Amino acid sequence: MRQISMKRNHLSNPFKIKGNWYKGNLHTHTTNSDGDLSPEEAVAWYKDRSYDFLAITDHGKITKVEKKFPDFLLIEGVEIGAEKAELGQGYHIVCLNISDLPELKEVPSVQEVIDIVRERGGKLIIGHPYWSALTFSDIISLSNEILGIEIFNSTCDLAIGKGFSTVHWDDLLIRGKKVYGFAVDDSHNFTAAPFDAGAGWIMVKAKHLTKENILEALEEGDFYSSCGPIIKDISIDGNGKIKVSCTPVVRINFICDRTSGKVFRAEKGSSLTKAEVTLGEVKYVRVECIDKEGMAAWSNPFFLKKWA
Ligand SMILES: [Zn+2]
Ligand SMILES: [Zn+2]
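Model, not experiment: these values are computed from the prediction. (Residues numbered from 1 in each chain as written. Chains lettered and ligands numbered in written order. Predicted model: local features only at pLDDT ≥ 70, side-chain atom pairs only at ≥ 80, totals over all residues. Heavy atoms only, no water.)

**A short note on the overall build of the protein**
For the record, the criterion: Here a helix means four or more residues in a row that DSSP labels H or I, a strand means two or more in a row labelled E, and each is numbered from the N terminus. The atom set for the radius of gyration is the C-alpha atoms, and the globule formula is 2.2 Å times the number of residues raised to the power 0.38. Summary of the burial criterion: residues with accessible area below 20% of their type's maximum are buried, those above 50% are exposed, and those between are partly exposed, where the area comes from a 1.4 Å probe applied to protein chains only. Contacts: residue pairs with any heavy atoms within 4.5 Å of one another. In this description, accessible areas are obtained by the Shrake-Rupley approach with a 1.4 Å probe, and a residue is regarded as covered only by the protein chains that are shown. All tallies of charge rest on Lys and Arg as positive and Asp and Glu as negative; His and the ends of each chain are not included. For this purpose, a charge sits on NZ of Lys, CZ of Arg, CG of Asp or CD of Glu.
For the protein, the helix and strand inventory stands at six helices and 17 strands. Taking 308 residues into account, the globule formula puts the C-alpha radius of gyration at 19 Å, and the protein, at 19 Å, falls close to it. Relative to its full complement of 308 residues, the protein shows a buried share of 54%. For the protein, the share of sequence-separated contacts (at least 6 apart) that also reach a separation of at least 24 residues comes to 63%. Accessible surface, the protein: about 13500 Å² in total, of which carbon and sulfur atoms supply 48%. Computed over 38 positive and 42 negative side-chain charges, the separation of the two mean positions in the protein equals 9 Å.

Now the structure itself:
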């Protein structure tokens, strides 16, 4: 019998563990770099919209927020530009849980950034691969040292239509590289169009809203990404049957490696709130739920045990 595992090293299933759902954005700019709200205003913007946590990730500097925001978690972060990749553009690396930075070279290598952040107990996400013209080969050698990649970036979508990096994600997953997918705002424009805040977020399942619990959940993959739809449940049984339920959408995609996979579409004028499929011989499966506005929610991938 084929087993699909939900254990740590097979990628976790956040829908089957105890805890609470917390909403957050992990990529935010303020007036400390090229954002248009002060750090305190940016935090208040998210808190007022029922977010639970936020990472401020100004370019090249760690922004400190002095004011206290009760019942709201701030994760210190920074976005660091690094060397040019295959197609001639540089990496942008979103670094989380980092409270100090040494003097950096003007254009550090990716490995230098990784080493600096990991030495300090931080975590790394590769920002907006499509916008950065990164190819999977630019990322694959880093994949054991990063949490994942941004699969949706609001400001990259609004600026040049290159916000979605799900093909980069599948290019890594098909090679057995277990990286997570993150939807983020990369918010800069809170006060003038194109408004890029509040468009992409993650929902994290964790015991409590503490830095330790949220970071551990990110490490375990206990979250999903969204631009709108809510994924209510995902079940996977030992026979490869996967079921999903969600808020009303017009399309549910089960994305697998190669040409496996399945799409369910609602009849015109109606909607779907669940779907299930029994998988064939696949390495992994991930779920996308897409509503009538074209907004998506993305699960993290589940690997079949033989590939785990
Ligand atoms: Zn960037
Ligand atoms: Zn950014």
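**Quick look at the nonpolar core**
Here is the rule: Residues belong to one nonpolar core when they are buried, are Ala, Val, Leu, Ile, Met, Phe, Trp, Tyr or Cys, and are joined through side-chain atoms within 4.5 Å. By convention here, the domain bounds are inherited from an automatic or database domain assignment.
With 39 residues, the main nonpolar core has Ile234, Ile242, Val244, Ile252 and Phe254 as its most contacted residues. Elements that contribute at least two residues to this core include exactly helix 1 (39-48), strand 2 (53-56), strand 8 (201-206), strand 10 (231-236), strand 11 (241-249), strand 12 (251-256), strand 14 (272-278) and strand 15 (284-290). Here this core spans two domains, and each of domain 1 (18-221) and domain 2 (229-308) adds at least three residues to it. Discounting residues that sit within four places of it in the chain, Phe254 has contacts with Ile242, Val244, Gly261, Lys262, Phe264, Ala275, Glu276, Val277, Val285, Arg286 and Val287. Membership of the second largest hydrophobic core comes to 33 residues, among which are Ile126, Leu142, Ile146 and Leu172.

**A few points about the side chain of Asn213**
With respect to the element layout, Asn213 can be found in helix 6 (residues 211-220). Residue classification places Asn213 among the buried residues on the basis of a relative accessible area of 19%. The residues contacting Asn213, other than those within four sequence positions of it, are Ala206, Lys207 and His208.

**Focus on the domain arrangement of the protein**
Cut-off, in case you're wondering: A 1.4 Å probe defines the accessible area here, and the buried area is the portion of it lost by two parts on being joined, summed over both. Salt bridges, as used here, are contacts in which a Lys or Arg side-chain nitrogen is within 4 Å of a carboxyl oxygen on Asp or Glu. Each polar contact in these results corresponds to two N or O atoms within 3.5 Å; when the atoms are within protein, one needs to be able to donate a hydrogen and the other to accept it, and residues that are neighboring in sequence are counted only if both atoms are side-chain atoms. For this scheme, ten residues count as nonpolar: Ala, Val, Leu, Ile, Met, Phe, Trp, Tyr, Cys and Pro. Four count as charged, namely Asp, Glu, Lys and Arg, and the remainder, Gly too, count as polar.
For the protein, the domain assignment lists domain 1 (18-221) and domain 2 (229-308). The straight-line distance from the C-alpha centre of domain 1 to that of domain 2 is 25 Å. Listed per partner, the contact involves 16 residues of domain 1 and 14 residues of domain 2. Between domain 1 and domain 2, roughly 1200 Å² of surface is buried when both sides are summed, and carbon and sulfur atoms account for 64% of that area. Area buried by domain 1 at its contact with domain 2 is led by Leu173, Ile174 and Lys178, which between them contribute 41% of it. Where domain 1 touches domain 2, the interface holds one salt bridge. Measuring nitrogen to oxygen at the nearest pair gives 2.7 Å for the salt bridge that ties Asp170 to Arg286. At the boundary of domain 1 with domain 2, the tally comes to four residue pairs in polar contact (both at pLDDT 80 or more). Elements supplying a minimum of two residues to the side of domain 1 that touches domain 2: strand 6 (148-153), helix 5 (166-173) and strand 7 (180-184). Taken together, the residues of the side of domain 1 that touches domain 2 sort by class into nine nonpolar, four polar and three charged.

**Description of the side chain of Thr63**
Assignment of secondary structure puts Thr63 in the loop between strand 2 and strand 3 (73-84). Those residues in contact with Thr63, other than ones at most four positions away along the chain, are Thr30, Asn32, Pro39, Ile56, Asp58, Glu76 and Gly77.

**Re the coordination of the zinc ion (ligand 1)**
Which entries qualify depends on this criterion: A donor here means an N, O or S atom no more than 2.8 Å from the metal, or no more than 3.2 Å when the metal is Na, K or Ca. Since water is not included, a site may seem to lack partners.
Those donors, Glu79 (OE), His92 (ND1) and His128 (NE2), are the protein atoms that reach the zinc ion (ligand 1), and they lie 2.1 Å from it. Between the donor residues of the zinc ion (ligand 1), the gaps in sequence give the motif E-x12-H-x35-H. A separation of 3.5 Å is found between the zinc ion (ligand 1) and the zinc ion (ligand 2), which share Glu79 as a coordinating residue. Of the two residues, Glu79 is situated in strand 3 and His128 in the loop between strand 5 (123-126) and helix 3 (136-140); the sequence distance between them amounts to 49 residues. In terms of burial, Glu79 and His128 fall into one category: buried.

**Re the sheet that holds strand 10**
Whether parallel or antiparallel, the strands of a sheet pair through hydrogen bonds between backbone atoms. This is how it is decided: Only strands that DSSP links by at least two bridges are regarded as paired with each other. The convention used is that axes are lines fitted to C-alpha atoms, helices contributing only their stretch in contact, and that angles between N-to-C directions extend from 0 to 180 degrees.
Strand order in the open sheet formed by three strands is 10-11-14, with antiparallel pairing between adjacent strands. Looking along the sheet, the strands with just one partner apiece sit at the ends: strand 10 and strand 14. Averaged over all neighbouring strand pairs, the angle between strand axes comes to 10°, with direction disregarded. Judged from the five bridges that link them, strand 10 and strand 11 form a sheet pairing that is antiparallel. The residue bridging Ile231 from the neighbouring strand is Cys246, located in strand 11.

**Brief notes about the coordination of the zinc ion (ligand 2)**
Just so we agree on the cut-off: For a four-donor site, all angles between 85 and 135 degrees give tetrahedral; for four or six donors, opposite pairs above 155 degrees with the remaining angles between 65 and 115 give square planar or octahedral; all remaining cases count as irregular.
Within the protein, the zinc ion (ligand 2) binds to His27 (NE2), His29 (NE2), Glu79 (OE) and Asp186 (OD); these donor distances fall in the range 2.0 to 2.2 Å. What the four donor atoms of the zinc ion (ligand 2) show is an angle range of 80 to 168° at the metal, which sorts the shape as irregular. Linear spacing of the donor residues for the zinc ion (ligand 2) on their chain is H-x1-H-x49-E-x106-D.

**Notes on the environment of Lys18**
With respect to the helices and strands, the residue Lys18 is situated in the segment before strand 1 (20-25). Exposure remark for Lys18: the relative accessible area of 77% places this residue in the exposed category. Separated by 35 residues in the primary sequence, Lys18 and Phe53 place their C-alpha atoms 19 Å from one another.

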